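# Breakdown of the fold
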Amino acid sequence: MDLDDIATRLGVPVEDVERVHRLAGDHPSAPVPVSADAPALLDRLAVRPDDAAEIMAGWPDPDSALWTPELRWLLDRSIALVRADLGGHDWLAPGPALPRERGPAWRHLYVYAYLALVDVARGYHRDHGIPDTVSWVTLADLGRNLAIDRRMQGEGWSVMQSWLTLHARGGIYELGRLQHHRGGTAIELHIPESGPMTPEAIDRSLDGARAFFPRHFPDEPYTSFACGSWLLDPQLSEYLPEDSNIVRFQRRFELEPYQEPDGLDADVEVVRFVFRTLTTPLDQLPRDTALQRAVIDHLKAGRHWQWRRGRFPIEPVH
């Protein structure tokens, strides 16, 4: 099959297929685990039973009629593409967005790629002396993101499929309440959906990172923690109490001057994260929490949210 034919059969632009072909090059792929081992692996990765059942239904067994030659080509080459950048920490799309309504093989192709890369990622972790406990809790972000995507009725996967390549390449680590993203001179902080952002939980996570990175990545000198998020929008303090976890989290950071982010609509991102939807009208969104009411009232007033960046220095561990 040539690339034009593959693109036609997949229903995606040929440029997307050419990109996968170019980035994967001659790099080796990695095998998808055998289906007999899959239930235990999915459970270890915190995949919920409903998501696990769907994934198992589309498993890429050699004799599966669901897996056409073009799907098998894309699975193999997307695994190679991500594996070729092992140790990388930039965002990386594993391949084109697929028409997921065409069935479980289409819907979960990049999940199978992720599962094939679990042993590759864990090998990278072992090479850096990273404990198994950190490896598994980090890689289990797969289950969390699948559950969120189900709540969003499939609206969130196009972002999530790129996000999860960070985990598969050893670019991000979950240490307590926060996820810590390598790269540059700053450790980028991400806030997963995993409970309250209490100051005590944040402190423990930051202290863990202060010890973790010098121990496991001694050649990467980090001088600050950084974050880019709608959670750092100072306008939130107009709606939330002074002692709210979000406001107290904001106070840790020195904000950079505001710049309109390229290709990112902060209003859309706030609604995505607070309500886990991209299409529900404002009048139909819940108003159960102070944060939900703040997001809705702000937008209804014709105002806009901001995606802000900030940082603070990494104090040495005493």
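Along each chain, residue indices are assigned from 1 in the same order as the chain's sequence is written. Per-residue local features are limited, in this predicted model, to residues with pLDDT of at least 70; the limit for side-chain atom pairs, both in listing and counting, is 80 or more; totals at the level of whole chains, interfaces and linings are taken over all residues. The side-chain quantities take in all heavy atoms of the structure and omit both hydrogens and water.

### Quick notes on the environment of Asp4
Just so we agree on the cut-off: Runs of H or I in DSSP of at least four residues are treated as helices and runs of E of at least two as strands, each being numbered from the N terminus. Only protein chains enter the accessibility calculation, which uses a 1.4 Å probe; a residue whose area is less than 20% of its type maximum is buried, one above 50% is exposed, and one in between is partly exposed.
Mapped onto the secondary structure, Asp4 falls in helix 1 (residues 3–10). Relative accessible area serves as the criterion here: at 48%, Asp4 is assigned to the partly exposed category. Distance from Asp4 to Gly129, taken between C-alpha atoms, is 44 Å for residues 125 residues apart in sequence.

### Description of the environment of Pro104
Rules: Whether two residues are in contact is decided by their heavy atoms: any pair within 4.5 Å suffices.
Inspection of the secondary structure assignment puts Pro104 in helix 6 (residues 104–107). Once the C-alpha coordinates of Pro104 and Ala147 are considered, the two residues, 43 residues apart in sequence, prove to be 15 Å apart. For Pro104, the contacting residues outside a window of four places in its chain are Glu54, Ala57, Gly58, Leu66 and Tyr112.

### Digging into the packing of aromatic side chains
Heads up, the rule is: A pair of aromatic rings is counted whenever rings of Phe, Tyr or Trp (Trp by its six-membered ring) have centres within 6.5 Å, and the orientation is called stacked for planes under 30 degrees apart, edge-to-face for over 60 and tilted otherwise. The criterion is that NZ of a Lys, or CZ of an Arg, lies within 6 Å of the ring centre and within 35 degrees of the ring normal, and then a charge sits over that ring.
Enumeration according to the criterion identifies 13 aromatic pairs in this entry. Taken together, a centroid distance of 5.6 Å and an interplanar angle of 75° make the contact between Phe213 and Tyr222 edge-to-face. Note on accessibility: Phe213 and Tyr222 belong to one class, buried. Through a chain of ring-to-ring contacts, three or more aromatic side chains come together here, namely Tyr173, Phe212, Phe213, Phe217 and Tyr222. The side chain of Arg102 reaches across the aromatic face of Trp106, ending 3.8 Å from its centre.

### Some words on helix 4 (residues 49–57)
The following threshold applies: Arc, as used here, means the arc of the directions from the helix axis to the C-beta atoms.
Of all the residues in helix 4, the buried ones are Asp51, Ala52 and Ile55. Seen from one end, helix 4 has its buried residues packed into an arc of 100°, which puts them on one side. Exposed and facing more than 90 degrees away from the buried side of helix 4 are Pro49 and Ala57. Against helix 3 (38–44), helix 7 (109–127) and helix 9 (141–151) lie the buried residues of helix 4.

### Remarks on unusual backbone geometry
For Gln153, which is not glycine, the phi dihedral falls at a positive 55°. Mapped onto the secondary structure, Gln153 falls in the loop between helix 9 and helix 10 (157–168). Residue Gln153 is classed as exposed on the basis of its relative accessible area, which comes to 74%. In this model, Arg276 sits at a positive phi of 55°, which is unusual for a non-glycine residue. Following the sequence through the fold, Arg276 ends up in the loop between helix 13 (266–275) and helix 14 (290–300).

### Observations concerning the pairing of strand 3 (residues 186–190)
Stated precisely, the cut-off is as follows: Each pair of strands is called paired provided DSSP finds at least two bridges between the two strands. If you view a crossover with the strands going away from you and the path from the first strand over the helix to the second runs clockwise, you call it right-handed.
When you tally the buried positions in strand 3, you get 5 out of 5 residues, the bulk of the element. Covered by surrounding structure in strand 3 are Ala186, Glu188 and His190 together with Ile187 and Leu189, the residues of both alternating faces. Summarising the sheet, strand 2 (residues 178–181) and strand 3 pair through 3 bridges and their orientation is antiparallel. Bridged to His181 within strand 3 is Glu188. What sits between the antiparallel neighbours strand 2 and strand 3 is a turn of 4 residues, in which Gly183 has the positive phi angle 135°. A crossover connection joins strand 3 to the parallel strand 4 (residues 224–229) through helix 11 (residues 199–216); in handedness this β-α-β unit is right-handed.

### Let's talk about a negative patch on the surface
Applicable threshold: The patches reported here contain residues having more than 30% relative accessible area and no salt bridge. Joining distances are 9 Å for like charges and 5 Å for nonpolar side chains (Val, Leu, Ile, Met, Phe, Trp, Tyr). Methods summary: accessible areas were calculated by the Shrake-Rupley approach with a probe of 1.4 Å, and residue burial reflects only the protein chains presented. Salt bridge, as used here: a side-chain nitrogen of Lys or Arg that lies within 4 Å of a carboxyl oxygen of Asp or Glu. Positive: Lys, Arg. Negative: Asp, Glu. His and the chain ends are not part of the count. Where a charge lies is defined by one atom per residue type, namely NZ (Lys), CZ (Arg), CG (Asp) and CD (Glu).
Taken together, the side chains of Asp2, Asp4, Glu15 and Glu18 make up a negatively charged region of the molecular surface. With respect to the element layout, Asp2 can be found in the segment before helix 1.

### Thoughts on the nonpolar core
For the record, the criterion: Throughout this description, the term nonpolar core refers to a set of buried Ala, Val, Leu, Ile, Met, Phe, Trp, Tyr and Cys residues connected via side-chain atoms within 4.5 Å.
Within the largest apolar cluster, 54 residues are counted, with the highest numbers of intra-cluster contacts made by Leu10, Leu45 and Leu142. Of the residues forming this core, the biggest block, 12 residues, is contributed by helix 7. Leave out the neighbours within four places in its chain, and Leu10 touches Val17, Glu70, Leu71, Leu74, Leu98, Pro99, Arg102 and Trp106.

### Topic: the side chain of His216
Here is the rule: Throughout this description, a polar contact denotes any pair of N or O atoms lying within 3.5 Å of each other; where both atoms belong to protein, one of them has to be capable of donating a hydrogen while the other can accept it, and for residues adjacent in sequence the pair is counted only when both atoms sit in side chains.
Tracing the backbone shows His216 in helix 11. Within the local environment of His216, its side chain forms a polar contact with the backbone oxygen of His128, the two atoms lying 2.8 Å apart. If sequence neighbours within four positions are ignored, His216 has contacts with His128, Gly129, Ile130 and Pro131.

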